[in-house]
Amino acid sequence: MVHYTTVATCALNQWALDFEGNYQRIRESILRAKALNARLRVGPELEIPGYGCYDHFLERDTVQHSWDVLARLLEDRSLDDILIDTGMPVLHRDTRYNCRVVILNGKIVLIRPKMYLANDGNYRELRWFVGWTKRAETEDFVLPRFIARITGQRSAPFGDALISTLDTCLGIELCEELFTPESPHIAMSLDGAEIIINSSASHHELRKLKRRVDLIAEATLKCGGIYLYANQKGCDGDRLYYDGASMVLANGELLVMGNQFSIADVEVQVATVDLGSVRAFRAAITSRSMQAARAPAFPRAHVDFAMSVELGDFDNTVRPTDPVPARFHEPAEEINLGPACWLWDYLRRSDQGGFFLPLSGGLDSCATALIVHSMCRQVVAACARGDQQVLHDVRRCIGAAVDADYVPASPQELAGHLFYTCYMGTENSSRETRARAAHLAQAIGCYHVDLNMDAAVTAIVTLFALVAGSTPQYAVRGGSSRENLALQNIQARLRMLLAYLFAALLPWARSREKSLLVLASANVDESLRGYFTKYDCSSADLNPIGSVSKADLRKYVQFARTHMDLPVLDEFLSAMPSAELVPHSETYVQSDEVEMGMSYDELGVFGRLRKCEGCGPYSMVTRLLHIWGDKLTPREIAQKVKRFFFYYSINRHKMTTITPAYHAETYAPDDNRFDLRPFLYNANWTWQFRIVDEMIDRIEQREDSK
């Protein structure tokens, strides 16, 4: 028998503690879902306060204001006749839970607390919430009095239960629960839940989306059923970008999937599904039926509401949604889109006038500039589609420099208003890098200035010489390594000072109202190795490439060369990475990889083994003996590992002040949220390196005895 129902899943660009804005986006999504004839609307995790409240979840105000927003949803009669799933923190018996609240026609159907909390990587849910441990049990939750007056209910069921409508059954699992070995959807499906809803706040990482889709497809292929996945999108206040891609799957097939990267605040995806196909799919699998026959029963919250029409009211003009192939971006495309969306959210929500970037002529600052160019491309495309929110934000950021009805005509025109770059040269800079910076700035349309800061460098060196009685020299001119490093750091740190000066006053010089956000462009490999100057141009307001590897950045620039029609990028791709902080000659040019004592590719390997596989020096050597053993001797491998851990440990202190960076990579060394480690190490690693040396000695003795 055919039982068609239309369901909606949403991706909302929520903002932590923006209760008014969050409410408006939730309401708009519900109204859109209703307009598309949906009977069920599912929203992201903790969508009422915003997922990224963090320690604000410990404040009583966050819980109270969440109830206030829920009250407005319950009172709104225009939101009737659709089953609404929303999310907020709830205190039950003085214990704080991360909850889904399901409402219908002004009443609370069920409050479902999260059971398995995310507490690894960037997630710290156990700091704020407790997981519900009473499997398939509910308790009475006494509603706040002002909520009870609205709903006419004194209490509502709280716990792990299913929702029974007149024609089907729904189960709920939250975000992390999908990723656990004993996912709740399994037991719920066996007990008759035909629709599973999952509300998530899953952030972007390169190459991560496919894992999400595969898990849901496998869940519905094995258990049968309809699965609605809703995810937050955008930057809601920190380093993470939640990448949307809300989707509906049925019996292992993808029916609809939203954009992974988008600057639209509200996206609603709907699918018409056949409940009858779920029943047929499940009944055909005997082994599944045998397990269902002995499955434990869940308590049910009953609602007088039907998801589908009765047989006599069947409408043959309504047809089920056909399966579609999943769309996965290549990593270079993810770098092009994700950080650009993140920058746009940060810009419009910080109420600043644009971005300032020290453009060095190297690959890293080139990639950062390209990401801003990508942002401008997305904004211009949204304006052309008539997105009123984006148009409003553009006009507000630019201010009085444009008319009230301004619409950007091209990314280059928009960049001329929002994006400022500066080449900060010295006597050590080459004509080639200066020219590359100018060519790129012209191609993307930003407001570019070119300066020499030798006078400022000389002034500082002269001041030191006056005080100390000695004048430092570069190594190529006979100076010590300490003098050489200090002279390089003067240039690097002056660039940070100039960046903030120009970010504040360049718009003023152009009669613009607002200041600029300063962008950094240090990649994840340099941060891991510590190959940057503390408080140089790596110190800024934001870093869109701070957790992207050099290898991925090179692929990104290659991608942009083709897809953005920027032939100027060939100049960057063929250039040798160089800081250009010391004098060069026909016989010597400063090289990043030579100075680091390791290649960027090697740093990527070290980073993944250290963070993702949990390797210290000894276990890293044992792994690399098999990875690099065909091209390096065991002793060479050990020396490389020891060199890495030495420089990693003496430079780890730099990560305590690192610029907030877009999170994109699993081995990011961000000390503030993601990679929590000491910053004062015994850089000799005495015990660890001794064990490595003993192992290498044994290996060499075995080789010699053959």
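As shown above, the structure is provided for reference.
Sequence order sets the numbering: in each chain, residues are counted from 1 along the sequence as written. Given that the model is predicted, a residue must reach a pLDDT of at least 70 before its local features are reported, and side-chain atom pairs must reach 80 or more before they are shown or counted; all residues, however, enter totals for whole chains, interfaces and linings. The side-chain values count all of the structure's non-hydrogen atoms but skip hydrogen atoms and water molecules.

A. Expanded view of the packing of aromatic side chains. Ring pairs are drawn from Phe, Tyr and Trp, using the six-membered ring of Trp, whenever the two centres fall within 6.5 Å, and their geometry is named by plane angle: stacked under 30 degrees, edge-to-face over 60, tilted for the rest. Inspection of every chain in the model, using the stated rule, returns 26 aromatic pairs. Between Trp132 and Phe158 the ring centres are 5.4 Å apart and the planes differ by 75°, which places this aromatic pair in the edge-to-face class. One end of the pair, Trp132, is in the loop between strand S5 (107-113) and strand S6 (138-142); the other, Phe158, is in strand S7 (residues 155-159), and 26 residues separate them in sequence. Note on accessibility: Trp132 and Phe158 belong to one class, buried. Measuring from ring centre to ring centre gives 5.6 Å for Trp342 and Tyr662, while their planes differ by 75°; the resulting arrangement is edge-to-face. Each helix is a run of DSSP H or I of at least 4 residues and each strand a run of E of at least 2, with the numbering of both proceeding from the N terminus. Buried residues are those whose accessible area, probed at 1.4 Å on protein chains only, stays under 20% of the maximum for their type, while exposed residues exceed 50% and partly exposed ones sit between those limits.

B. Region of interest: the packing of helix H22 (residues 634-651) against helix H23 (residues 686-705). For every element, the axis is a line fit to its C-alpha atoms; helices are fit only across the contacting stretch, and the angle between N-to-C directions ranges from 0 to 180 degrees. Contact pair H22 / H23: the axes reach a minimum separation of 10 Å and the direction vectors enclose 170°. In this view, H22 runs roughly antiparallel relative to H23, as classed from their interaxial angle. Along its contact with H22, which presents Pro634, Arg635, Ala638, Lys642 and Phe645, the element H23 presents Phe689, Val692, Asp693, Ile696, Asp697, Ile699 and Glu700. Orientation labels follow simple angle bins: below 35 degrees gives roughly parallel, above 145 gives roughly antiparallel, 65 to 115 gives roughly perpendicular, and whatever is left gives oblique. The contact criterion used is simple: two residues touch if any of their non-hydrogen atoms lie within 4.5 Å.

C. Local environment of the layout of surface pockets. A volume near 580 Å³ is recorded for the second largest pocket. The pocket and cavity definitions rest on a 1 Å grid over protein atoms only: a 1.4 Å probe that fits but cannot leave marks a cavity, an open set with protein on both sides within 12 Å along at least five of seven lines marks a pocket, and residues lining either have an atom within 4 Å of a point. In this structure, the second largest pocket is lined by 19 residues; those nearest its centre are Asp120, Glu205, Lys208, Arg211 and Thr666. When residues are sorted by character, Ala, Val, Leu, Ile, Met, Phe, Trp, Tyr, Cys and Pro go into the nonpolar class, Asp, Glu, Lys and Arg into the charged class, and all the rest, Gly among them, into the polar class. Broken down by class, the residue content of the lining of the second largest pocket amounts to 6 nonpolar, 5 polar and 8 charged. Grid points are joined across faces, edges and corners, and a volume is the space filled by probe spheres set on the points.

D. Representation of the packing of helix H20 (residues 600-611) against helix H21 (residues 617-627) in the model. In the contact formed by H20 and H21, the axes pass within 10 Å of each other and the chain directions differ by 125°. Accordingly, the angle class assigned to the pair H20 and H21 is oblique. Seen from above, H20 lies across H21 with right-handed handedness. Of the residues in H21, those in contact with Val605, Phe606, Leu609 and Arg610 of H20 are Met620, Arg623 and Leu624. Split by residue class, the contact of H20 with H21 holds 5 nonpolar, no polar and 2 charged. Crossing handedness is read from the near helix: turned anticlockwise from the far helix by less than a right angle, it gives a left-handed crossing, and turned clockwise, a right-handed one.

E. Layout of empty space enclosed by the protein. Enumeration over the complete set of coordinates arrives at 4 cavities of 30 Å³ or more. Roughly 160 Å³ of internal volume is contained in the largest cavity. What lines the largest cavity is a set of 20 residues, among which Gly546, Ser547, Ala661, Ala668 and Asp670 lie closest to the centre. Residues of the lining of the largest cavity, tallied by class, amount to 10 nonpolar, 8 polar and 2 charged. Estimated volume of the second largest cavity: approximately 70 Å³. Among the residues forming the lining of the second largest cavity, the class breakdown is 5 nonpolar, 3 polar and 3 charged.

F. Summary view of the nonpolar core. The definition of a nonpolar core used throughout is a set of buried Ala, Val, Leu, Ile, Met, Phe, Trp, Tyr and Cys residues joined through side-chain atoms within 4.5 Å. Residues Phe355, Met375, Leu440 and Leu569 are the most contacted members of the largest nonpolar core, which totals 65 residues. Ranked by residue count, the leading element in this core is helix H10 (residues 363-384), at 13 residues. Leu569 has contacts with Cys366, Leu370, Leu440, Val557, Ala560 and Arg561, leaving out every residue within four places of it along the chain. Core analysis: the second largest hydrophobic core is formed by 37 residues, Leu12, Val90, Tyr97 and Val266 among them.

G. The pattern of salt bridges, seen in detail. Note on definitions: salt bridges are taken to be side-chain nitrogens of Lys or Arg within 4 Å of carboxyl oxygens of Asp or Glu. Within the structure shown, the criterion is met by 45 salt bridges. We note a salt bridge from Arg396 to Asp393, for which the minimum N-O separation is 3.0 Å. Taken together, the residues span about one helical turn, with Arg396 and Asp393 both in helix H11 (residues 388-398) at a distance of 3 residues. A relative accessible area of 26% places Arg396 in the partly exposed class. Assessed through its relative accessible area of 2%, Asp393 is described here as buried. Ionic contacts of the salt-bridge type, sharing partners, join the residues Asp265, Asp345, Arg348, Asp351, Asp393, Arg396 and Lys514 into one network.

H. Main features of helix H12 (residues 411-418). In terms of residue burial, H12 counts as a mostly covered element, since 6 of its 8 residues are buried. Listed as buried for H12 are Pro411, Leu414, Ala415, Gly416, His417 and Leu418.

I. A look at the sheet that holds strand S19 (residues 419-425). Strands qualify as paired when DSSP identifies two bridges or more between them. Strand order in the open sheet formed by 4 strands is S20-S19-S18-S21, with parallel pairing between adjacent strands. Two strands in the sheet have a free side with no partner beyond their single neighbour: strand S20 (447-452) and strand S21 (517-518). In this sheet, S19 lies alongside strand S18 (residues 355-358) in parallel orientation, the contact comprising 4 bridges. In the strand pairing of S19, Pro358 is matched with Cys422.

J. The side chain of Lys208, seen in detail. Along the polypeptide, Lys208 turns up in the loop between strand S10 (195-200) and helix H6 (209-223). By the counting scheme adopted, Arg and Lys are positive, Glu and Asp are negative, and His together with the chain ends is not counted. The charged side chain of Lys208 is buried without a salt bridge, its nearest counter-charge being Glu205 at 5.3 Å. Among all residues touching Lys208, those that are not within four sequence positions of it are Tyr123, Ser202 and His203.

K. Here's a closer look at a nonpolar patch on the surface. A patch consists of residues whose relative accessible area exceeds 30% and which take part in no salt bridge; residues with like charges are grouped when within 9 Å of each other, and nonpolar side chains (Val, Leu, Ile, Met, Phe, Trp, Tyr) when within 5 Å. Accessibility throughout is a Shrake-Rupley quantity obtained with a 1.4 Å probe, and a residue counts as covered only by protein chains that appear here. Taken together, the side chains of Leu463, Leu466 and Val467 define a hydrophobic patch exposed on the protein surface, amounting to about 360 Å² of accessible area. With respect to the secondary-structure elements, Val467 resides in helix H14 (residues 454-468). Looking at Val467, the relative accessible area reads 68%, which means it is exposed.

L. Region of interest: the pairing of strand S3 (residues 83-92). Across the 10 residues that make up S3, a large majority, 9, are buried. In this sheet, strand S4 (residues 95-104) lies alongside S3 in antiparallel orientation, the contact comprising 9 bridges. Bridging from a neighbouring strand, Pro89 pairs with Asn98 of S4. Connecting S3 to the next strand, S4, in antiparallel fashion are 2 residues, including Arg93 with a positive phi near 55°.

M. Spatial organisation of the environment of Lys233. Following the sequence through the fold, Lys233 ends up in strand S12 (residues 233-234). Sequence-wise, Lys233 and Thr220 are 13 residues apart; in three dimensions their C-alpha atoms are separated by 24 Å. Each residue touching Lys233, except ones within four places of it in the same chain, is listed here: Ala11, Leu12, Asn13, Gln14, Tyr242, Gly244, Ser262, Ala264, Asp265 and Glu267. Side-chain polar atoms of Lys233 contact the side chain of Ser262, separated by 3.3 Å. Pairing of N or O atoms within 3.5 Å defines a polar contact, subject to two protein rules: one partner must be a possible hydrogen donor and the other a possible acceptor, and residues neighboring in sequence count only if both atoms are side-chain atoms. Among the polar contacts listed, one links the side chain of Lys233 to the backbone oxygen of Ala264, at a separation of 2.6 Å.

N. Representation of the pairing of strand S16 (residues 266-274). Counted residue by residue, S16 has 8 buried out of 9 residues, so it is predominantly covered. Pairing between strand S1 (residues 4-12) and S16: 9 bridges, direction antiparallel. For Ala11, the partnering residue across the bridge sits in S16 and is Glu267.

O. Highlighting unusual backbone geometry. Positive phi is not limited to glycine here, since Asp81 has a value of about 65°. Mapped onto the elements, Asp81 comes out in the loop between helix H2 (60-75) and S3. Judged by its relative accessible area of 46%, Asp81 falls in the partly exposed class. Even without glycine at this site, Asp94 takes up a positive phi of about 65°. On the accessibility criterion, Asp94 (78% relative accessible area) is exposed.

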